[in-house]
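Take a look at the letters that make up each chain.
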Amino acid sequence: MTFPLHSDVPGRLTRRARSFVSCHGIKVDTASIDRHWWLERDIPAAVIDRMAAYQQRWGGLVLPPAPQYDGGPRYFHPDVPECSPTGGWSFEAGDQRSAVPYSFMIGPANEFGIHAHQWTPLHATVEGWVESLALTHHASMWAKQITRVTGDDVDSIALDAYEPVREVKGLADTWWRGADSLVAVYMGEATSLSFPPARTALIYSGLDDWGLRGGVEDSDV
């Protein structure tokens, strides 16, 4: 069964992201966390508590696809916790939409990222990932031109006059705001797969103040 989202929007999101989730997101039924099953497999109780909290807040949320990562998770649902060699526990954030060579994971500090050859946090929080999706939708609607840049050409984008978009809480993936454009830089696949040609940037140009911010000020973050 699916449920439309109107006022029941999870997480601590900006007004722009809350509007995006309520208009374009739905929730599907998902199974609850079976604490006893995971405890029998020697998963620490604190990790199971994190999974349960993630499930309660985000479980079953379906959002429109991201422009990278073959769209991102099909929907949010925790699964398969694992301990990294360097310490700390991660767990799956949700199934892939297609056969990508990595998993979407929630990291030891609740970062949202991908894991292939190595763990690569994309955003410091799940909210950051959702904010990035909302900003993609907003910028795509208002930009006069969208330019895609890949590989070594990403290094030639001059971001000195740009400021970071704080609400996306970017780590490997970042957003930047200039005088009349937004730039989204995606480094996750290049880092996790050790494949530099996968570096990608999308430049949304020709934006007015509404297009640049969508009503979100730094003081709101």
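The preceding data block contains the structure.
Rules of the game
Residues numbered from 1 in each chain as written. Predicted model: local features only at pLDDT ≥ 70, side-chain atom pairs only at ≥ 80, totals over all residues. Heavy atoms only, no water. Helix = DSSP H or I, 4+ residues; strand = E, 2+ residues; numbered from the N terminus. Rg over C-alpha atoms; globule rule 2.2 N^0.38 Å. Contact = heavy atoms within 4.5 Å. Patch = residues over 30% accessible without salt bridge, like charges linked within 9 Å, V, L, I, M, F, W, Y side chains within 5 Å. Areas by Shrake-Rupley, 256 points an atom, 1.4 Å probe, with all protein chains shown as cover. Salt bridge = Lys/Arg side-chain N within 4 Å of Asp/Glu carboxyl O. Pairing = 2+ DSSP bridges. Axes fitted to C-alpha atoms, helices over the stretch in contact; angles between N-to-C directions. Core = buried A, V, L, I, M, F, W, Y, C linked by side-chain atoms within 4.5 Å. Buried < 20%, exposed > 50% of the residue type's maximum accessible area, 1.4 Å probe, protein only. Parallel < 35°, antiparallel > 145°, perpendicular 65-115°, else oblique. Nonpolar A, V, L, I, M, F, W, Y, C, P; charged D, E, K, R; others polar.

Caption draft 1: Layout of the overall build of the chain. From N to C terminus, the chain includes six helices and 13 strands. The C-alpha atoms of the chain give 18 Å as radius of gyration, which agrees with the globular expectation for 221 residues (17 Å, within 12%). Dimensions of the chain, computed from C-alpha atoms along their principal axes, come out at roughly 55 × 40 × 30 Å. Partitioning the contacts of the chain with sequence separation of at least 6, the portion at a separation of at least 24 is 57%.

Caption draft 2: Layout of a nonpolar patch on the surface. A contiguous nonpolar patch, built from M141, W142 and W210 and spanning about 360 Å² of accessible area, is present on the exposed surface. Among the structural elements, W142 can be located in helix α4 (residues 126-142).

Caption draft 3: Here's a closer look at the sheet that holds strand β7 (residues 112-115). The strand order across the open sheet built from five strands is β4-β5-β6-β7-β8, with neighbouring strands paired in antiparallel fashion. Two strands in the sheet have a free side with no partner beyond their single neighbour: β4 (79-83) and β8 (119-123). In this sheet, neighbouring strand axes are inclined to one another by 40 degrees on average, regardless of whether the strands run parallel or antiparallel. Looking at chain direction, strand β5 (residues 89-94) and strand β6 (residues 103-106) are connected through three bridges and run antiparallel. Bridge pairing in β6 places E92 opposite M105. Most of the contacts of helix α3 (residues 45-58) go to β5, to which it runs at about 25 degrees, and overall it touches β4, β5 and β6. Against the sheet, α4 touches β6, β7 and β8, its axis set at about 60 degrees to β8.

Caption draft 4: How the structure looks around the nonpolar core. Formed by 47 residues in total, the largest nonpolar core has its most connected members in F76, W129, V130, W175, L182 and Y204. Residue assignment for this core shows that the elements contributing at least two residues are α1 (15-24), α3, β5, β6, β7, α4, β12 (181-186) and β13 (200-205). With seven residues, α4 is the largest single contributor of residues to this core. Residues V149, V185, A201 and I203 belong to the second largest nonpolar core, which totals seven residues.

Caption draft 5: Expanded view of the sheet that holds strand β11 (residues 173-177). With respect to topology, five strands assemble into an open sheet ordered β9-β13-β12-β11-β10, the strand pairing being antiparallel. In the strand order of this sheet, the two ends are held by β9 (145-150) and β10 (163-164), each with one partner. By the bridge criterion, two bridges tie β10 to β11 in an arrangement that is antiparallel. When the sheet's bridge partners are listed, E163 is paired in β11 with R177. Packed onto the sheet, α4 meets β9, β11, β12 and β13 and runs at close to 40 degrees relative to β11.

Caption draft 6: Representation of the pattern of salt bridges in the model. Taken as a whole and assessed by the stated rule, the structure comprises 12 salt bridges. Of the charged contacts, one joins E131 and R16 as a salt bridge, the two residues approaching to 4.0 Å between their closest N and O atoms. Here E131 is found in helix α4, whereas its partner R16 is found in helix α1, with 115 residues between them in sequence. As far as the burial class goes, E131 and R16 line up, both buried. Note that E167 is salt-bridged to R16, the shortest N-O span being 2.5 Å. Placement of E167 in the loop between β10 and β11 and of R16 in helix α1 is noted, with a sequence separation of 151 residues between them. What you see here is one network of salt bridges that share partners, running through R16, E131, E163, E167, R177, R213 and E217.

Caption draft 7: How the structure looks around the packing of α1 against α4. Interhelical geometry of α1 versus α4 gives an angle of 80 degrees and a closest axis separation of 9 Å. Classified by the angle between their axes, α1 and α4 sit roughly perpendicular to one another. Only V130, E131, L133, A134, L135, H137 and H138 of α4 make contact with α1, whose side of the interface consists of R16, A17, F20, V21 and H24. Split into classes, the residues belonging to the contact of α1 with α4 amount to seven nonpolar, three polar and two charged.

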